[in-house]
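Now for the letters of each chain:
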Amino acid sequence: IDLLYGRARRVHVTTALIVLNALAFVVSAGMAGNVMQIGSAVLLNLGANHSPLVMHGEAWRLVTAMFLHGGLLHIGLNMFALYQAGQIVERLYGATGFLLLYLGAGLAGNVASVWWNPNGISVGASGAVFGIYGALLAYLRAEPGSIPLSVFNRIRSSTLAFIGYSLFAGVAIPGIDN
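Calculation rules
Residues numbered from 1 in each chain as written. Predicted model: local features only at pLDDT ≥ 70, side-chain atom pairs only at ≥ 80, totals over all residues. Heavy atoms only, no water. Helix = DSSP H or I, 4+ residues; strand = E, 2+ residues; numbered from the N terminus. Expected span 1.5 Å × (residues − 1). Buried < 20%, exposed > 50% of the residue type's maximum accessible area, 1.4 Å probe, protein only. Bend = angle between axes of the 7 residues up to and from the residue. Salt bridge = Lys/Arg side-chain N within 4 Å of Asp/Glu carboxyl O. Phe/Tyr/Trp six-rings, centres within 6.5 Å; stacked < 30°, edge-to-face > 60°. Core = buried A, V, L, I, M, F, W, Y, C linked by side-chain atoms within 4.5 Å. Contact = heavy atoms within 4.5 Å. Axes fitted to C-alpha atoms, helices over the stretch in contact; angles between N-to-C directions. Left-handed = near helix turned anticlockwise from the far one by under 90°. Nonpolar A, V, L, I, M, F, W, Y, C, P; charged D, E, K, R; others polar. Polar contact = N/O pair within 3.5 Å; in protein donor to acceptor, adjacent residues only side chain to side chain. Parallel < 35°, antiparallel > 145°, perpendicular 65-115°, else oblique.

S.K.: So what about helix α7 (residues 126–142)? Which residues, and what values?
M.R.: End to end, α7 covers 24 Å across 17 residues, agreeing with the expected 24 Å (1.5 Å per residue, within 8%). Every buried residue of α7 is accounted for by Ala128, Val129, Gly131, Ile132, Tyr133, Ala135, Leu136 and Tyr139.

Put into structure tokens, the structure is as follows:
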């Protein structure tokens, strides 16, 4: 653990991303008047990903949608997963590498969403968070034993729960964009 945490005492990018997501959520929940479910109109106003708008010049939505969430459970799960995996991945890849991974994965997820669900409205950090988990997995494959077993065991259950719930919700709940 000392080697892992010796790389960086604090994870500033992970913290900043969580704060940015939380601030965007507070604004959107305030506009919606509801923390449990943020309506599509509010999300579109704030920059949700919507293929017709993106295809007509509003490509910035591919980034802003990463910081918007549809409700308290949505942001709660995403930020918990980001907090857990981000602490490790930011230390492994460095602050700049981590930020590029997060933004690149989120952007790729939102581009895939435009292609896969051309009439849907999508928001959330799930694509970015899945990318962070992918980077962690890639690092573990390239450098076996690089993360202490105690750290790995601590996040394994919650990682599987996050992935399982995300995939289940995407299949079972109408309007969820996997």
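The rest of the description comes next.
S.K.: Which residues make up helix α6 (residues 72–116), and what values go with them?
M.R.: Taking 1.5 Å as the rise per residue, α6 with 45 residues should run 66 Å; its terminal C-alpha atoms sit only 25 Å apart, a clear shortfall. Its axis deflected by about 115° at Gly94, α6 carries its strongest bend there.

S.K.: Please provide a residue-by-residue account of the pattern of salt bridges, values included.
M.R.: A complete count under the given rule lists 1 salt bridge for this structure. Arg61 is the partner of Glu58 in a salt bridge, and the nearest nitrogen-oxygen pair spans 2.6 Å. Classification of Glu58 as partly exposed rests on a relative accessible area of 23%. Residue classification places Arg61 among the buried positions, given a relative accessible area of 6%.

S.K.: Outline the packing of aromatic side chains, supporting the account with residue identities and numerical values.
M.R.: Going through the model one piece at a time under the given rule, you end up with 3 aromatic pairs. Consider the rings of Phe67 and Tyr102, whose centres lie 6.4 Å apart with planes at 45°: the pair is tilted. Separated by 35 residues along the polypeptide, Phe67 in the loop between α5 (61–64) and α6 and Tyr102 in helix α6 bring together distant segments of the chain. Taken as a pair, Phe67 and Tyr102 share a single burial class, namely buried. Here the aromatic rings of Tyr93 and Tyr139 are separated by 5.7 Å at their centres, their planes lie at 65°, and the arrangement is edge-to-face.

S.K.: Can you explain the nonpolar core? Please cite residues and give values.
M.R.: Ranked by size, the top nonpolar core spans 34 residues in total, and within it Leu17, Leu82, Ile88, Phe98, Tyr102, Val129 and Leu136 carry the most contacts. Of all the secondary structure elements, the ones that give two or more residues to this core are α2 (12–32), α3 (40–46), α6, α7 and α8 (149–172). When residues no more than four places from it in sequence are discounted, the contact partners of Tyr102 are Leu17, Asn21, Met66, Phe67, Leu82, Ala125, Ala128 and Ile132.

S.K.: Tell me about the environment of Leu44, residues and numbers included.
M.R.: For Leu44, the location among the structural elements is in helix α3. Along the chain, Leu44 and Val123 lie 79 residues apart, while their C-alpha atoms are 9.3 Å from each other. Other than its neighbours up to four places away in sequence, Leu44 contacts His50, Leu53, Arg61 and Ile121.

S.K.: Can you lay out the packing of α2 against α6 for me, pointing to particular residues and giving the numbers?
M.R.: Two numbers describe how α2 lies on α6: the axes approach to 7 Å, and their chain directions differ by 145°. For the pair α2 and α6, the crossing hand works out as right-handed. For the pair α2 and α6, the contacting residues are His12, Val13, Thr14, Leu17, Ile18, Asn21, Ala22 and Phe25 in the first and Leu72, Ile75, Met79, Leu82, Tyr83, Gly86, Gln87, Glu90, Ala95, Phe98, Leu99 and Tyr102 in the second. The class makeup of the residues in the contact of α2 with α6 is 14 nonpolar, 5 polar and 1 charged.

S.K.: Please provide a residue-by-residue account of the side chain of Asn78, values included.
M.R.: Mapped onto the secondary structure, Asn78 falls in helix α6. Exposure remark for Asn78: the relative accessible area of 1% places this residue in the buried category. A polar atom in the side chain of Asn78 sits 3.2 Å from the side chain of His69. Here Asn78 is in contact with His69, Gly124, Ala125, Ser126, Val129 and Phe162, once residues within four sequence places are set aside.

S.K.: Help me get a handle on the packing of α6 against α7, residues and values and all.
M.R.: Each pair of packed helices can be described by the angle between their axes along with the distance between the axes. Their axes nearest at 7 Å, the elements α6 and α7 cross at an angle of 55°. Taken together, the axis directions place α6 and α7 in an arrangement best described as oblique. The way α6 lies across α7 gives a crossing that is left-handed. A class-by-class count of the residues in the contact of α6 with α7 yields 19 nonpolar, 7 polar and no charged.

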